[in-house]
Amino acid sequence: MTFWRFSAAEDLRGDWFFPTEVRFGAGRISELPLILEHLGIRRPLIVTDRGLAATPIPNRVTEIAASASIPILWPGADQNPTGQQVTEGVAAFHLHEADGVIALGGGSGLDCGKSVALLAGCGGDLWRFAYPRSLEHQHERTTVPIIAIPTTAGTGAEVEASGIITDPLKPVKAGIVNASMLPRVVIADPELTLSLPPNLTAWTGMDALSHNLEALLVRQFHPMADAIGAEGIRICHAFLPRAVANGGDITARSYMMAAAIMGATSFVKGLGAMHALSHAIGALVGAQHGLTNAVLMPHVLRFNRPAVEKPISELARFLELDASFDAYLAELMELSRRVGIPARITEIGVRRQDFERLATMALPDFNAGCNPRPLDQPALVSILEAAS
Ligand SMILES: [Fe+2]
């Protein structure tokens, strides 16, 4: 039994107000001028990443915004945006005398845009908002309004009050956290994901799965998040192979875009070892985030098995599999195979001699503390060894 009764683009739309205002549906990018007017934004800075800047999407969004405002496009974020790039984005914001930010892209453009809005409003040094220092600065709030427009279905950064920014000097991928980073309005238009190539569709989709899955397994009382996470997992298993096989499948694209939002909604509980290690690998090697999570996923599940056997068995039952850990693991491995995920982290640039260092980097990550089975240095190294 599933609840998926919709397949036509005109039915796959809605106005949602959880966890923020989400205008969901194909073609709804056309509502951007109206939203700019509602929020009183006259001079938006459109922040996006260099990868997306090579596609027609940023210019199209800029043209649409120009019917109601004087926008300027700032495509300065890398795949893993840095603190320096946030500072440069803030300079562009002030130079343009901007009064709002349109964060456009996958996680890179969205996280950079939200961080630019935070720092443009609050001034000073970005790193005071890096977790755990961020806890002392939650009283600071930016008043710069943010509109988020995702162009991938994975990160869920469009509905998050945080962003991942790299400090290449350490190196570390820091979580920039502030309640005022939550976008005021999200335009979730699955048509913007139609041209995403199969590999990026797979990697970002596996990121959405990892969010729903890791969040579901965090030991914390939050039935709302758990329900969203379980359904998000089910959607990923059903629709990600379709989106990878046929990028023009608007039904699959729509459900995956919803699953990405669901993942980020449910991970208010936290994440786990997949993300702790993935952030370390991203900072050291620069590997794509969703791909890294995907490669680590079965190995982290196996490590966590003593602590998650029961919820994973229940999840398997929910997916109409045999109610066992092994049944879900087999389903996950089959999904990975179908969407082309490599089996080993050594295939994505991780070297054995870096395992100890990666474990040292991953241990203080916020998500390491949420893992259902306690983590220490040897445990993290053992996961990396199993994945190599
Ligand atoms: Fe992620």
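Rules of the game
- Residues numbered from 1 in each chain as written.
- Predicted model: local features only at pLDDT ≥ 70, side-chain atom pairs only at ≥ 80, totals over all residues.
- Heavy atoms only, no water.
- Helix = DSSP H or I, 4+ residues; strand = E, 2+ residues; numbered from the N terminus.
- Expected span 1.5 Å × (residues − 1).
- Buried < 20%, exposed > 50% of the residue type's maximum accessible area, 1.4 Å probe, protein only.
- Contact = heavy atoms within 4.5 Å.
- Phe/Tyr/Trp six-rings, centres within 6.5 Å; stacked < 30°, edge-to-face > 60°.
- Lys NZ or Arg CZ within 6 Å of the ring centre and 35° of its normal.
- Domains from an automatic or database assignment.
- Buried area = accessible area lost by both parts, 1.4 Å probe.
- Polar contact = N/O pair within 3.5 Å; in protein donor to acceptor, adjacent residues only side chain to side chain.
- Nonpolar A, V, L, I, M, F, W, Y, C, P; charged D, E, K, R; others polar.
- Core = buried A, V, L, I, M, F, W, Y, C linked by side-chain atoms within 4.5 Å.
- Donors = N, O, S within 2.8 Å, 3.2 Å for Na, K, Ca; no water.
- Tetrahedral: all angles 85-135°; square planar, octahedral: opposite > 155°, others 65-115°.

A word on helix α11 (residues 325-338)
Here comes step 1: The first and last C-alpha atoms of α11 sit 20 Å apart over 14 residues, in line with the 20 Å expected at 1.5 Å per residue.
Here comes step 2: When we look at burial in α11, the residues that qualify are F325, A327, Y328, L329, L332, L335 and S336.
Here comes step 3: Residues of α11 that are buried make contact with α6 (198-217), α7 (223-245) and α10 (289-318).
Here comes step 4: Once α11 finishes, G340 follows within two positions and takes phi at roughly 80°, a positive value.

A short note on the packing of aromatic side chains
Here comes step 1: One pass over the full model with this rule turns up five aromatic pairs.
Here comes step 2: Taking 4.7 Å as the distance between ring centres and 20° as the angle between the ring planes, the aromatic pair formed by W16 and F24 counts as stacked.
Here comes step 3: Under the relative-accessibility criterion, F24 is labelled buried at 3%.
Here comes step 4: The residue whose ring lies beneath R234 is F318, and the NZ or CZ to ring-centre distance is 4.2 Å.
Here comes step 5: For R373, the ring lying beneath its charged end belongs to F303, and the centroid distance is 4.2 Å.

Some details on the domain arrangement of the protein chain
Here comes step 1: If you check the domain split of the protein chain, you get domain 1 (14-192) and domain 2 (197-386).
Here comes step 2: Spacing between the C-alpha centres of domain 1 and domain 2 amounts to 25 Å.
Here comes step 3: Between domain 1 and domain 2, the residue contacts involve 27 residues of the former and 27 residues of the latter.
Here comes step 4: Across the domain 1 to domain 2 interface the summed buried area is about 2,100 Å²; carbon plus sulfur atoms make up 71%.
Here comes step 5: Summed over the three residues of domain 1 that lose the most area to domain 2, namely A153, P171 and K173, the buried surface amounts to 26% of that side.
Here comes step 6: Inspection of the domain 1/domain 2 interface yields one residue pair in polar contact (both at pLDDT 80 or more).
Here comes step 7: Those elements that provide at least two residues to the side of domain 1 that touches domain 2 are β2 (21-24) and β8 (172-177).
Here comes step 8: Among the residues making up the side of domain 1 that touches domain 2, the classes are represented as 15 nonpolar, six polar and six charged.

What about the nonpolar core?
Here comes step 1: Core analysis: the biggest nonpolar cluster contains 107 residues, and M206, L209, L213, L301, I312, Y328 and I345 have the highest contact counts within it.
Here comes step 2: Take this core: its biggest share by element is twelve residues, from α10.
Here comes step 3: Apart from residues no more than four positions distant in its own chain, L213 is found in contact with I233, M274, M297, L301, I312, L315 and Y328.
Here comes step 4: Grouped together as the second largest cluster of nonpolar side chains are 18 residues, I46, V61, I102 and I187 included.

Quick look at the coordination of the iron ion
Here comes step 1: Within the protein, D207 (OD), H211 (NE2), H275 (NE2) and H289 (NE2) serve as the donor atoms for the iron ion, at 2.1 to 2.3 Å.
Here comes step 2: Here the iron ion binds four donor atoms, and the angle range of 86 to 172° at the metal identifies the geometry as irregular.
Here comes step 3: In primary-sequence terms, the residues that donate to the iron ion follow D-x3-H-x63-H-x13-H. Of the two residues, D207 and H211 both sit in helix α6, four residues apart, roughly one turn of that helix. Note on accessibility: D207 and H211 belong to one class, buried.

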